[in-house]
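Chain by chain, the residues run as shown.
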Amino acid sequence: MGTTVVGAAIVRGGRVLAARRTDPPNTAGRWELPGGKVEPGETASGAIVRELAEELGVEVEVTGWLATRGSIERADDGAWVLRIATVRLVGDAEPQPAEHDALVWLGSDELDSVDWLDSDRVFLPELDHLLRGLGGAFRRLVLFEADDAREVVRRLRVDGYDAAIARERLAGEDDDEDHPWAVLTDAPSFLAEMLADEFDGWLDERLDDGRSERGAPGTPAAPQPLPSAPKRIKRPDGDPS
Ligand SMILES: Nc1nc2c([nH]c(=O)n2[C@H]2C[C@H](O)[C@@H](COP(=O)(O)OP(=O)(O)OP(=O)(O)O)O2)c(=O)[nH]1
């Protein structure tokens, strides 16, 4: 059987994680979806879970596979098959690159901003479609303190919502103390507003992706997707548990 390489589209807060390779030399400096070769006796999903634990130190759950099929042309070994899983992070661990030298979260408008490996470009239209579908349901909560942003993300996730810090400093970037912190979440406005009040921030209802399928500003929002976990609405003044 030929070689199959699996990559992961880790999606969080309406963005996908891209990773910059360091080797071999002909791929160094170019961006990919983290993953690797499926080993003999291993399932494709098993390979994703193993590779992401090794490469990024995170636990993930495979939620599906992109329909697009890719191939990696090899001078020595014919073409390898490249399949991309959609995954979500389980738990609170932040991806930390063990083998890559940079990571970046990309929204649908930013997918073209990095130099992808040639074999990954074929996935960009489907990724764009996926992220835009999600992007329409996201709102942005702006906060001044990093600790507040982290606490807001923690609370939203406990309640079963997707939430991510959108402007956290990325590996390899200069520190920038002055920028506000943005939390992207699919939580409903009233809950995001309660958290904004509690943490002295504000809710920016502007779409994260200006080209979203939700249409022009003022167009009624599309229905939100059903939650993947039970949603408990917390009182602002305390943790019920
Ligand atoms: N992981 C990954 N590899 C990709 C992608 N696109 C692409 O052309 N490749 C190529 C780069 C490598 O030549 C090959 C995967 O090799 P790898 O070095 O990531 O896999 P691995 O961890 O199993 O490798 P190994 O060092 O254990 O042999 O596939 C992609 O999106 N993700």
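Structure report, in brief. Because the structure is a prediction, the values reported are computed rather than measured.

1. Some thoughts on the overall build of the protein chain
Stage number 1. Of regular secondary structure, the protein chain possesses four helices and twelve strands.
Stage number 2. Counting every position in the protein chain, which comprises 241 residues, the buried fraction comes to 45%.
Stage number 3. Long-range contacts, defined here as pairs at least 24 residues apart, represent 69% of the contacts in the protein chain between residues at least 6 apart.
Stage number 4. Entry remark: accessible area of the protein chain is about 12700 Å², with carbon and sulfur atoms responsible for 51%.

2. A closer look at the nonpolar core
Stage number 1. Formed by 22 residues in total, the largest nonpolar core has its most connected members in Val16, Trp31, Ile84, Leu106, Leu111, Trp116 and Leu127.
Stage number 2. Among the secondary structure elements, those contributing two or more residues to this core are β1 (4–12), β2 (15–20), β7 (78–90), β8 (102–106) and α2 (124–135).
Stage number 3. Formed by 19 residues, the second largest nonpolar core is a distinct cluster that contains Ala146, Val152, Val153 and Phe199.

3. With respect to the site of the ligand
Stage number 1. Near the ligand, the surroundings consist of 15 residues, among which Glu32, Leu33, Lys37, Ser119 and Asp120 are the closest.
Stage number 2. At 2.5 Å, a side-chain N or O of Asp120 approaches an oxygen atom of the ligand.
Stage number 3. Here the ligand loses 74% of its free accessible area of 620 Å² to cover by the protein chains.
Stage number 4. Within the residue set of the shell around the ligand, elements represented by two or more residues are β4 (35–37), β6 (70–74) and β7.
Stage number 5. Considering each element in turn, the shell around the ligand owes the most residues, three residues, to β4.
Stage number 6. Of the residues belonging to the shell around the ligand, the class tally is six nonpolar, three polar and six charged.

4. A short note on helix α3 (residues 146–158)
Stage number 1. Relative to the 18 Å expected for 13 residues at 1.5 Å per residue, α3 spans 18 Å between its end C-alpha atoms, a close match to the ideal helical length.
Stage number 2. Turning to α3, its buried residues are Ala146, Ala149, Val152, Val153, Arg155 and Leu156.
Stage number 3. Elements that come into contact with the buried residues of α3 comprise β9 (139–143), β10 (163–165), β11 (181–185) and α4 (189–198).
Stage number 4. Following α3 by one or two positions, Gly160 adopts a phi angle in the positive range, close to 95°.

5. Regarding empty space enclosed by the protein
Stage number 1. Taken as a whole and judged by the stated rule, the model has two cavities of 30 Å³ or more.
Stage number 2. Taken together, Arg12, Gly13, Arg15, Trp105, Ala164, Ile165 and Ala166 make up the full set of residues lining the second largest cavity.
Stage number 3. For the lining of the second largest cavity, the class distribution of residues is four nonpolar, one polar and two charged.
Stage number 4. Counting contributing residues per domain, the lining of the second largest cavity is built from domain 1 (4–132) and domain 2 (137–232), each supplying no fewer than three.

6. A word on the pattern of salt bridges
For side chains bearing opposite charge, pairing can occur when the charged atoms are close.
Stage number 1. Enumeration according to the criterion identifies 17 salt bridges in this entry.
Stage number 2. Put simply, Glu94 and Arg12 hold a salt bridge, and the shortest N to O gap is 3.0 Å. Taken as a pair, Glu94 in the loop between β7 and β8 and Arg12 in strand β1 lie far apart in primary sequence, 82 residues in all.
Stage number 3. Accessibility expressed as a relative area gives 31% for Glu94, which makes it partly exposed.
Stage number 4. With a relative accessible area of 10%, Arg12 lands in the buried category.
Stage number 5. Its salt-bridge partner being Asp101, residue Arg20 comes within 2.8 Å of it at the nearest N-O pair. Separated by 81 residues along the polypeptide, Arg20 in strand β2 and Asp101 in the loop between β7 and β8 bring together distant segments of the chain.
Stage number 6. Looking at Asp101, the relative accessible area reads 41%, which means it is partly exposed.
Stage number 7. Connected through salt bridges with shared partners, the residues Glu39, Glu42, Arg50, Glu51 and Glu54 form a single ionic network.

Thresholds, definitions, all that
- Residue positions within a chain follow its written sequence, with the count starting from 1.
- Local features in this predicted model are restricted to residues of pLDDT 70 or higher, and side-chain atom pairs are both shown and tallied only at a pLDDT of 80 or more, whereas totals for entire chains, interfaces and linings draw on every residue.
- The side-chain figures draw on all heavy atoms in the structure; neither hydrogens nor water molecules are used.
- Segments assigned H or I by DSSP are reported as helices when at least four residues long, segments assigned E as strands when at least two residues long, and all are numbered from the N terminus.
- Exposed residues in this analysis have more than 50% of their type's maximum accessible area, buried residues have under 20%, and partly exposed residues fall in between, with area computed by a 1.4 Å probe over protein chains only.
- Any two residues whose heavy atoms approach within 4.5 Å are treated as being in contact.
- Surface exposure here means Shrake-Rupley accessible area, sampled with a 1.4 Å probe, where a residue is shielded only by the protein chains that are shown.
- To define a nonpolar core, start from buried Ala, Val, Leu, Ile, Met, Phe, Trp, Tyr and Cys residues and group those joined through side-chain atoms within 4.5 Å.
- One heavy atom within 4 Å of a molecule or strand makes the whole residue count as near it.
- Identification of polar contacts relies on pairs of N or O atoms within 3.5 Å, with a donor-acceptor requirement for protein atoms, meaning one able to donate a hydrogen and the other able to accept it, and with residues adjacent in sequence counted only if both atoms are side-chain atoms.
- Throughout this entry, Asp, Glu, Lys and Arg are counted as charged residues, while Ala, Val, Leu, Ile, Met, Phe, Trp, Tyr, Cys and Pro are counted as nonpolar. The remaining residues, Gly among them, count as polar.
- To estimate the expected span of a helix, count its residues, drop one, and scale the result by 1.5 Å.
- Grid spacing is 1 Å over the protein atoms alone, the probe is 1.4 Å, and a cavity is where that probe fits but cannot get out, while a pocket is an open set with protein on both sides within 12 Å along at least five of seven lines and lining residues have an atom within 4 Å of a point.
- Grid points are joined across faces, edges and corners, and a volume is the space filled by probe spheres set on the points.
- Start and end points for every domain follow an automatic or database-based domain assignment.
- We define a salt bridge as a side-chain nitrogen of Lys or Arg found within 4 Å of a carboxyl oxygen belonging to Asp or Glu.

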